[in-house]
Amino acid sequence: MADRTDVCVLIPTLDEAETIGDVVEGFRRAGFEAILVADGGSSDGTREIAEEHGARVLTQSGSGKGQAVREAVGTIEHPYVLMADGDGTYRPEDADAMLEPLFEGRAEHVIGDRFADMEPDAMTRLNATGNRLINRLFGVIHGRNLRDILSGYRAFTRSSFERFQLAADGFGIETELAAECVRHGVPTEVVSIRYLARPGGSETNLRPFADGGRIILTLYALAKTNNPIFYFGSVAALGTLAGLAVASFVAYRYFVVGISHEVLALLAAFLVLLSVQLLMFGVLTDVLVSVNREQSRRLEEISERLRELEE
């Protein structure tokens, strides 16, 4: 059975000098020998502190958490990856709960639910509200309630990660990971963890409005391939409402005021017809996506059987 020697702890960082030493030391005390810090060009000595505490440090070639994770996983040879932030908000003591579903073969991707046990002041009210909104939106679009898709505490098999098509460079990486799990049918579990308040002296790199907006845009963009009906249907709904609003104005001006607006009437008809076509396109695309998923699932099953025969 797999154990800690099969796991690489991945810690993306950017200016986490106040906490990275304790984080690395905590995972080492928990029995993890392979610890990789993917640093985004810190200027406060984060890399040097991580190395002093026994971590292997990779200075990412690009920028952003998403790019750091993709580049770092590409250098990892261990079959399992445990990913945590370097700000001291995640406990190494929860590693067993995170890894158990992987070791027992129940899941290939595990998400730590911060809301299950959160310290007071660990998250501002604004961030908590934004997180819950994004989680509900994810549930509507992807049909799965993963409870905390923005959690930075993840455990996954390297083989499942390699199947994902990831493009987000910033904090949208967690959203992409959750969406790709649903799209590829990757067995996913959510486990309860303790979420700690940031230690005094450390500052967050998260910008609530800017990063929150990017995450929502990432979530909506992913709906194009994961839930085409929602993606095209939402645009069709807006187009229909706009067309009906213009049509109502034209009707009011014609029947009440006695003035006709032929151009606006044509615009209203165009918007409604375009919306209907978009909805039909969304339905057809959804059928194609469903067929593609089924074909991909069958190919993966065949590939898995071939690997078993070779072994």
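Preceding this section is the structure that the text describes.
Cut-offs applied
Residues numbered from 1 in each chain as written. Predicted model: local features only at pLDDT ≥ 70, side-chain atom pairs only at ≥ 80, totals over all residues. Heavy atoms only, no water. Helix = DSSP H or I, 4+ residues; strand = E, 2+ residues; numbered from the N terminus. Buried < 20%, exposed > 50% of the residue type's maximum accessible area, 1.4 Å probe, protein only. Contact = heavy atoms within 4.5 Å. Areas by Shrake-Rupley, 256 points an atom, 1.4 Å probe, with all protein chains shown as cover. Lys, Arg positive; Asp, Glu negative; His and termini not counted. Charge placed at Lys NZ, Arg CZ, Asp CG, Glu CD. Phe/Tyr/Trp six-rings, centres within 6.5 Å; stacked < 30°, edge-to-face > 60°. Lys NZ or Arg CZ within 6 Å of the ring centre and 35° of its normal. Axes fitted to C-alpha atoms, helices over the stretch in contact; angles between N-to-C directions. Nonpolar A, V, L, I, M, F, W, Y, C, P; charged D, E, K, R; others polar. Polar contact = N/O pair within 3.5 Å; in protein donor to acceptor, adjacent residues only side chain to side chain. Core = buried A, V, L, I, M, F, W, Y, C linked by side-chain atoms within 4.5 Å. Pairing = 2+ DSSP bridges. Patch = residues over 30% accessible without salt bridge, like charges linked within 9 Å, V, L, I, M, F, W, Y side chains within 5 Å. Salt bridge = Lys/Arg side-chain N within 4 Å of Asp/Glu carboxyl O.

1. Some points on the overall build of the protein chain
For step 1, the next point in the chain: For the protein chain, the count of helices and strands is 10 helices and seven strands.
For step 2, the next point in the chain: Taking the principal axes of the C-alpha coordinates as reference, the protein chain spans close to 80 × 55 × 35 Å.
For step 3, the next point in the chain: Across the 311 residues that make up the protein chain, the buried fraction comes to 44%.
For step 4, the next point in the chain: Taking the contacts inside the protein chain whose residues are at least 6 apart along the sequence as the reference set, 74% of them involve residues at least 24 apart.
For step 5, the next point in the chain: Accessible surface for the protein chain amounts to roughly 16,200 Å². Of this, 56% is attributable to carbon and sulfur atoms.
For step 6, the next point in the chain: Across the protein chain, 30 positive and 45 negative side-chain charges occur, with their mean positions spaced 7 Å apart.

2. A word on the packing of aromatic side chains
For step 1, the next point in the chain: Within the structure shown, the criterion is met by 11 aromatic pairs.
For step 2, the next point in the chain: On the numbers, 6.1 Å between centres and 70° between planes, the contact of Phe27 with Phe32 is edge-to-face.
For step 3, the next point in the chain: Under the relative-accessibility criterion, Phe27 is labelled buried at 1%.
For step 4, the next point in the chain: Clustering of aromatic rings is evident, with ring pairs tying together Tyr220, Phe230, Tyr231, Phe232 and Phe281.
For step 5, the next point in the chain: Here the basic side chain of Arg4 rests over the ring of Phe32, its NZ or CZ set 5.1 Å away from the ring centre.
For step 6, the next point in the chain: The side chain of Arg114 reaches across the aromatic face of Tyr195, ending 5.4 Å from its centre.

3. Some points on the packing of helix α8 (residues 208–226) against helix α9 (residues 228–257)
For step 1, the next point in the chain: Following both chains from N to C, one finds α8 and α9 inclined at 115°, their axes separated by 5 Å at the closest point. Taking contact as the criterion, the partners of Tyr220, Ala223, Lys224, Thr225 and Asn226 in α8 are, on α9, Pro228, Phe230, Tyr231, Ser234 and Val235.
For step 2, the next point in the chain: For the contact of α8 with α9, the per-class residue count stands at six nonpolar, three polar and one charged.

4. What about the environment of Thr89?
For step 1, the next point in the chain: Positionally, Thr89 belongs in the loop between β4 (80–83) and α4 (95–103).
For step 2, the next point in the chain: For the pair Thr89 and Ala178, spaced 89 residues apart in sequence, the C-alpha separation works out to 21 Å.
For step 3, the next point in the chain: Not counting residues within four places of it along the chain, the set of residues in contact with Thr89 comprises Arg194, Tyr195, Leu196, Ala197 and Arg198.
For step 4, the next point in the chain: A polar atom in the side chain of Thr89 sits 2.7 Å from the side chain of Asp87.

5. Examining the nonpolar core
For step 1, the next point in the chain: Ile11, Phe27, Leu82 and Tyr153 are the most contacted members of the largest nonpolar core, which has 34 residues in total.
For step 2, the next point in the chain: Going through the elements one at a time, β1 (7–13), α1 (20–29), β2 (34–39), β4, α4, β5 (109–118) and β7 (188–195) are the ones with two or more residues in this core.
For step 3, the next point in the chain: With five residues, α4 is the largest single contributor of residues to this core.
For step 4, the next point in the chain: Discounting residues that sit within four places of it in the chain, Leu82 has contacts with Val7, Cys8, Val9, Leu10, Phe27, Phe32, Ala95, Met98, Leu99, Tyr153, Arg154 and Ala155.

6. Remarks on the sheet that holds strand β3 (residues 56–59)
For step 1, the next point in the chain: Across the sheet, which stays open at both edges, the seven strands sit in the order β3-β2-β1-β4-β6-β5-β7 with mixed pairing between neighbours. Lying at the two open borders of the sheet, with one neighbouring strand each, are β3 and β7. Taken over all neighbouring pairs, the strand axes of this sheet differ in orientation by 25° on average, direction set aside.
For step 2, the next point in the chain: Summarising the sheet, β2 and β3 pair through four bridges and their orientation is parallel. The residue of β3 that forms the bridge with Leu36 is Arg56.

7. Notes on a nonpolar patch on the surface
For step 1, the next point in the chain: On the surface, Tyr252, Tyr254, Phe255, Val256, Val257 and Ile259 cluster together into a nonpolar patch covering about 650 Å² of accessible area.
For step 2, the next point in the chain: Mapping Val256 onto the fold places it in helix α9.
For step 3, the next point in the chain: Val256 gets classed as exposed once you look at its relative accessible area, which sits at 56%.

8. Observations concerning the side chain of Thr285
For step 1, the next point in the chain: Locating Thr285 in the fold gives a position in helix α10 (residues 262–310).
For step 2, the next point in the chain: Here Phe281 takes part through its backbone oxygen, which lies 2.7 Å from a polar atom of the side chain of Thr285.
For step 3, the next point in the chain: Each residue touching Thr285, except ones within four places of it in the same chain, is listed here: Pro228 and Phe232.

9. Focus: the pairing of β5
For step 1, the next point in the chain: Burial of β5 is extensive: seven of the 10 residues sit out of reach of the surface.
For step 2, the next point in the chain: As paired strands, β5 and strand β6 (residues 154–157) are joined by three bridges and run antiparallel to one another. The residue bridging His109 from the neighbouring strand is Phe156, located in β6.
For step 3, the next point in the chain: Where β5 meets β7, seven bridges bridge the pair, whose relative direction is parallel. When the bridges of β7 are listed, Asp117 appears paired with Arg194.

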